[in-house]
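In case you want the letters, here they are:
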Amino acid sequence: GDARLFPPRHQVVRPHLFTNEELVRLLAIISELPAARTSPFRRENLRLAIALLYTTGLRLGELVRLTLGDYDPREHTLLIRESKFHKSRLVPLSTDGIREIDQYLDAGRTRQIAISPESPLLWHHTRRGTAYTGTGLTNAIRPLLRAAHIRTDTGRVPRVHDFRRTFAQQALLRWYRTGTDVQA
């Protein structure tokens, strides 16, 4: 048959697995971000976004849909509502994830930001406190990856989804090292 009648072959994208050194550089870049009049909470939002993507393996869409009420400070979990296949689940937080969310919430209280359980966890000031979109958050993270000189093997900037892949790989390695039955 005529090859022009078939769609182009799907290119397999090899995930970038972030190293600890890359994460340290990325967080250092974020901590140096200047305060912006239009987005005074940008630094805190981006730090929390990276911390949660890296320590929970959340999908980007799940992260931007989180509300403050989805965080249970007693159980140290996040409620992910109707995600893929319309299923909800509880995601346990690591010690680092708990610390990051608690510091973020403390910063909001210190600045006397009016929030409610329905407020987005990551809110964008320029949009009157509404949630980031997936595209908006990606567009905020990509320049930071460039500034931190984080590149894939092919020289490209990693995708935000690669934080999820890194989380999965690290979880598997932890399970293998502790003798957990990975097949179960």
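See the structure above.
Residues numbered from 1 in each chain as written. Predicted model: local features only at pLDDT ≥ 70, side-chain atom pairs only at ≥ 80, totals over all residues. Heavy atoms only, no water.

Q: Got a minute to help me understand the pattern of salt bridges in this structure?
A: Pairing between side chains becomes possible if they bear opposite charge and their charged atoms approach one another. The full count for this structure, using the stated rule, is nine salt bridges. Across the pair Asp-162 and Arg-159 runs a salt bridge, and its minimum N-O distance is 2.7 Å. Taken together, the shared-partner salt bridges connect Arg-47, Asp-96, Arg-99 and Glu-100 into one network. (Salt bridge = Lys/Arg side-chain N within 4 Å of Asp/Glu carboxyl O.)

Q: Could you clarify how one ought to interpret the packing of aromatic side chains in this entry?
A: Aromatic ring pairs: the centre-centre distance and the angle between the two ring planes describe each pair. If you walk through the whole model with that rule in mind, you get three aromatic pairs. Between Phe-41 and Tyr-104 the ring centres are 5.1 Å apart and the planes differ by 55°, which places this aromatic pair in the tilted class. Taken as a pair, Phe-41 in the loop between α1 (20-31) and α2 (42-56) and Tyr-104 in helix α4 (residues 95-110) lie far apart in primary sequence, 63 residues in all. Each member of the pair, Phe-41 as well as Tyr-104, is classed as buried. When the centroid spacing of 5.4 Å and the interplanar angle of 20° are considered together, the rings of Phe-41 and Trp-123 count as stacked. One end of the pair, Phe-41, is in the loop between α1 and α2; the other, Trp-123, is in strand β4 (residues 123-124), with 82 residues separating them in the sequence. The pair formed by Phe-41 and Trp-123 is uniform in burial state, with each residue classed as buried. The rings of Phe-41, Tyr-104 and Trp-123 are connected pair by pair, giving a single aromatic cluster. (Phe/Tyr/Trp six-rings, centres within 6.5 Å; stacked < 30°, edge-to-face > 60°. Helix = DSSP H or I, 4+ residues; strand = E, 2+ residues; numbered from the N terminus. Buried < 20%, exposed > 50% of the residue type's maximum accessible area, 1.4 Å probe, protein only.)

Q: Is there a simple way to explain α4 in this structure?
A: Here α4 contains 16 residues, and its C-alpha end-to-end distance of 22 Å stays within 8% of the 22 Å for a straight helix at 1.5 Å per residue. Regarding α4, the residues found buried are Gly-97, Ile-98, Glu-100, Ile-101, Tyr-104, Leu-105, Ala-107 and Gly-108. Structurally, α4 contributes buried residues whose contacts are with α2, β1 (71-72), β2 (77-80) and β4. Immediately downstream of α4, the backbone of Gln-112 shows phi near 55°, a positive value. (Expected span 1.5 Å × (residues − 1). Contact = heavy atoms within 4.5 Å.)

Q: Before we go on, may I ask you to explain the nonpolar core in this structure?
A: One broad rule of soluble globular proteins: the nonpolar side chains tend to lie buried together. Judged by nonpolar contacts, the single largest core of 41 residues is most densely connected at Leu-63, Leu-78, Leu-137 and Phe-163. Only α1, α2, α3 (60-65), β2, α4 and α5 (134-147) provide two or more residues apiece to this core. The contacts of Phe-163, once residues within four sequence positions are left out, are Phe-18, Leu-23, Leu-26, Ile-50, Leu-53, Tyr-54 and Leu-145. (Core = buried A, V, L, I, M, F, W, Y, C linked by side-chain atoms within 4.5 Å.)

Q: Looking at this model, I keep getting lost on the environment of Glu-62. Mind explaining?
A: Here Glu-62 shows up in helix α3. Through-space distance from the C-alpha of Glu-62 to that of Pro-7 is 31 Å; in sequence the pair is 55 residues apart. Residues in contact with Glu-62, not counting those within four places in the same chain, are Ile-80, Ser-83 and Arg-89. Looking at Glu-62, its side chain comes within polar contact range of the side chain of Arg-59, at 2.6 Å. (Polar contact = N/O pair within 3.5 Å; in protein donor to acceptor, adjacent residues only side chain to side chain.)

Q: Can you help me understand the environment of Leu-63 in this one?
A: Along the chain, the position of Leu-63 falls in helix α3. The sequence separation of Leu-63 and Arg-42 amounts to 21 residues, and the corresponding C-alpha distance is 16 Å. For Leu-63, the contacting residues outside a window of four places in its chain are Ala-49, Leu-52, Leu-53, Leu-58, Leu-122 and Leu-137.

Q: Looking at this model, I keep getting lost on the packing of α2 against α4. Mind explaining?
A: The relative placement of two packed helices is expressed as an angle between their axes plus a distance between the axes. The interhelical angle for the contact between α2 and α4, taken along N-to-C directions, is 160°, at an axis separation of 9 Å. Judged by the inter-axis angle, α2 sits roughly antiparallel to α4. Read as a crossing pair, α2 and α4 show a hand that is left-handed. In contact with Glu-44, Asn-45, Arg-47, Leu-48, Ala-51, Leu-52 and Thr-55 of α2, α4 contributes Asp-96, Gly-97, Glu-100, Ile-101, Tyr-104 and Ala-107. The residue inventory of the contact of α2 with α4, partitioned by class, reads six nonpolar, three polar and four charged. (Axes fitted to C-alpha atoms, helices over the stretch in contact; angles between N-to-C directions. Parallel < 35°, antiparallel > 145°, perpendicular 65-115°, else oblique. Left-handed = near helix turned anticlockwise from the far one by under 90°. Nonpolar A, V, L, I, M, F, W, Y, C, P; charged D, E, K, R; others polar.)

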